[in-house]
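Report on the structure
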Amino acid sequence: MDADTGKAAPLTLGHEFVGVVELAAVDGTGPPAGTIVVPDVVFGCGSCWWCRHHEEGLCPDLSVLGQQIDGGLAEFVAARASRLVVVPKRVPVMHAALAEPLAVAVRAARAAGGLTGRGVLVIGGGSVGQLMARVARATGAHPVVVIDPSPIRRGLAVKMGVDAALPPDQIDAAAIHFPERGIDVVIEASGAAGQPRKAAGMARRGGTVVLLGVSPHPESLDLLDVVLHEKTIRGSAAHMYDDDVQVAIDLLASGSVSAEGLISSCVELENAAEAFCQLATGDDATIKILIDCSPTSPTRIRCPE
């Protein structure tokens, strides 16, 4: 399938979805019809330096299903057959719908250089922040602390195994949970103004900061602190189907990472607008709303010939 990089609104949204193959590729490059899969949503040009080095998400002509190309908020969607990640039967379909944001967390862990044996602070307790904390615990990080203003989301993080969850006005108190050398890795997943600078300041000497949250406003950093204390600051966003999405599915399949508490409700496609309005209210108890695009099954994926 050729990415339609020039497509503008209106287009079909949806880059976090799971579906069933309705029409398999005739050349046999993908799974057969009836297979539950998570599609690759990242489309590079295929010929630039980044695409040739398996970094399609950094392609200057990047397109993403649901953002520049018609996505999964529909009964049918076209996907690349060879890049469909098969969902094992033991993974609930509703949980597989979270594979994309979980892949964001997986990639962030890789961007940090791995989390095993390292102390991790996650700023932001939304869906990505919650999954980030769960990936950290699953891969051997200790301690893991979450910062979020919502008591509900802090409670969920603690229920799912983090060592502590604190409100933003107590972020400086997080240091007591990392007494030996300080915070090895700080993950900024909130996108709130001023948090990148705060994240960089919280990291220990020689520590790592991974920036996941995005903000429309310019941010500043204390460069003297970063340079003299040799801190590493990484951005992370462009997950890949094999390195990140496949790993996300494997984590769900093994039970190493749970989707418990993240799916607030499920509505039919005709009620999608109301679901978006509910998310826009900022209700702390609402983290993810799934949209069922078919009366009998999840979104069908139609593989082009």
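Since the model is a prediction, treat every value here as computed from it, not as a measurement.

Looking at the nonpolar core
For soluble globular proteins, the rule of thumb is that nonpolar side chains tend to be buried together. Within the largest apolar cluster, 50 residues are counted, with the highest numbers of intra-cluster contacts made by Val38, Leu115, Val120, Met132, Val135 and Ile187. Those elements giving two or more residues to this core turn out to be helix 3 (99–111), strand 7 (120–123), helix 4 (127–138), strand 8 (144–147), helix 5 (151–159), strand 10 (183–188) and helix 8 (241–254). Counting residues per element, this core draws most heavily on helix 3, at 9 residues. In this view, Val135 contacts Leu102, Ala105, Val106, Ala109, Leu251 and Val257; residues no more than four positions away in its chain are not counted. Listed in part, the 16 residues of the second largest apolar core include Leu121, Ala174, Val186 and Ala203.

Re helix 3
Taking 1.5 Å per residue as the helical rise, helix 3 with its 13 residues ought to reach 18 Å, and the 18 Å between its terminal C-alpha atoms agrees with that figure. Summarising burial for helix 3: 12 of the 13 residues are buried, a large majority. When helix 3 is considered as a whole, its buried residues turn out to be Ala99, Glu100, Pro101, Leu102, Ala103, Val104, Ala105, Val106, Arg107, Ala108, Ala109 and Ala111. With its phi angle positive at about 90 degrees, Gly113 sits one or two positions after the end of helix 3.

Some thoughts on the environment of Pro60
With respect to the helices, strands and loops of the structure, Pro60 is situated in the loop between helix 1 (49–52) and strand 4 (63–64). Overall, Pro60 belongs to the exposed group, its relative accessible area being 59%. In this structure the C-alpha to C-alpha distance between Pro60 and Ser220, which are 160 residues apart in sequence, comes to 25 Å.

A look at the pattern of salt bridges
Within this structure, the stated rule accounts for 14 salt bridges. Two residues, Asp225 and Lys231, come together in a salt bridge whose shortest N-O distance is 2.8 Å. Judged by relative accessible area, which is 16%, Asp225 ranks as buried.

Here's the deal with the environment of Ile36
In this structure, Ile36 sits in strand 2 (residues 36–38). A residue is classified by how much of its surface remains accessible, and Ile36, at 27% relative accessible area, is partly exposed. Excluding anything up to four places from it in sequence, Ile36 contacts Val18, Gly19, Val20, Val85, Val86, Val87 and Val93.

Examining the packing of helix 3 against helix 8
Interaxial distance between helix 3 and helix 8 falls to 8 Å at its minimum, and their mutual angle equals 110 degrees. In terms of axis orientation, helix 3 runs roughly perpendicular to helix 8. Note on element contacts: helix 8 touches helix 3 through Asp243, Asp244, Val245, Val247, Ala248, Ile249, Leu251 and Leu252, opposite Ala99, Leu102, Ala103, Val106, Arg107 and Arg110. A breakdown of the residues in the contact of helix 3 with helix 8 according to their chemical character gives 10 nonpolar, no polar and 4 charged.

Considerations on the packing of aromatic side chains
This model, assessed by the stated rule, comprises 1 aromatic pair. The aromatic ring of Phe43 is capped on one face by Arg80, whose charged end is 4.0 Å from the ring centroid.

Details of a nonpolar patch on the surface
Together, Leu221, Leu223, Leu224, Val227 and Leu228 make up a nonpolar patch on the protein surface, roughly 520 Å² of accessible area in all. Turning to its location among the elements, Leu224 is positioned in helix 7 (residues 223–228). The exposure class of Leu224 is exposed, given its relative accessible area of 60%.

Overview of the environment of Ile183
With respect to the helices and strands, Ile183 occurs in strand 10. Taking the relative accessible area as the measure of exposure, Ile183 reaches 2% and is therefore buried. Placed 39 residues apart in sequence, Ile183 and Val144 show a C-alpha to C-alpha distance of 9.6 Å. When near neighbours in sequence (up to four residues on either side) are disregarded, Ile183 contacts Gly119, Leu121, Phe178, Met202, Ala203 and Arg204.

Digging into the side chain of Ser127
Secondary-structure assignment places Ser127 in helix 4. When residues no more than four places from it in sequence are discounted, the contact partners of Ser127 are Ile287 and Lys288.

A word on the side chain of Arg154
Here Arg154 is to be found in helix 5. Of the side chains bearing the opposite charge, Asp148 lies closest to the buried Arg154, which forms no salt bridge; the N-O distance is 5.8 Å. The residues contacting Arg154, other than those within four sequence positions of it, are Asp148, Pro149, Ala165, Leu166 and Pro167.

Each value, and the rule that gives it
- Residues numbered from 1 in each chain as written.
- Predicted model: local features only at pLDDT ≥ 70, side-chain atom pairs only at ≥ 80, totals over all residues.
- Heavy atoms only, no water.
- Core = buried A, V, L, I, M, F, W, Y, C linked by side-chain atoms within 4.5 Å.
- Buried < 20%, exposed > 50% of the residue type's maximum accessible area, 1.4 Å probe, protein only.
- Helix = DSSP H or I, 4+ residues; strand = E, 2+ residues; numbered from the N terminus.
- Contact = heavy atoms within 4.5 Å.
- Expected span 1.5 Å × (residues − 1).
- Salt bridge = Lys/Arg side-chain N within 4 Å of Asp/Glu carboxyl O.
- Axes fitted to C-alpha atoms, helices over the stretch in contact; angles between N-to-C directions.
- Parallel < 35°, antiparallel > 145°, perpendicular 65-115°, else oblique.
- Nonpolar A, V, L, I, M, F, W, Y, C, P; charged D, E, K, R; others polar.
- Phe/Tyr/Trp six-rings, centres within 6.5 Å; stacked < 30°, edge-to-face > 60°.
- Lys NZ or Arg CZ within 6 Å of the ring centre and 35° of its normal.
- Patch = residues over 30% accessible without salt bridge, like charges linked within 9 Å, V, L, I, M, F, W, Y side chains within 5 Å.
- Areas by Shrake-Rupley, 256 points an atom, 1.4 Å probe, with all protein chains shown as cover.
- Lys, Arg positive; Asp, Glu negative; His and termini not counted.

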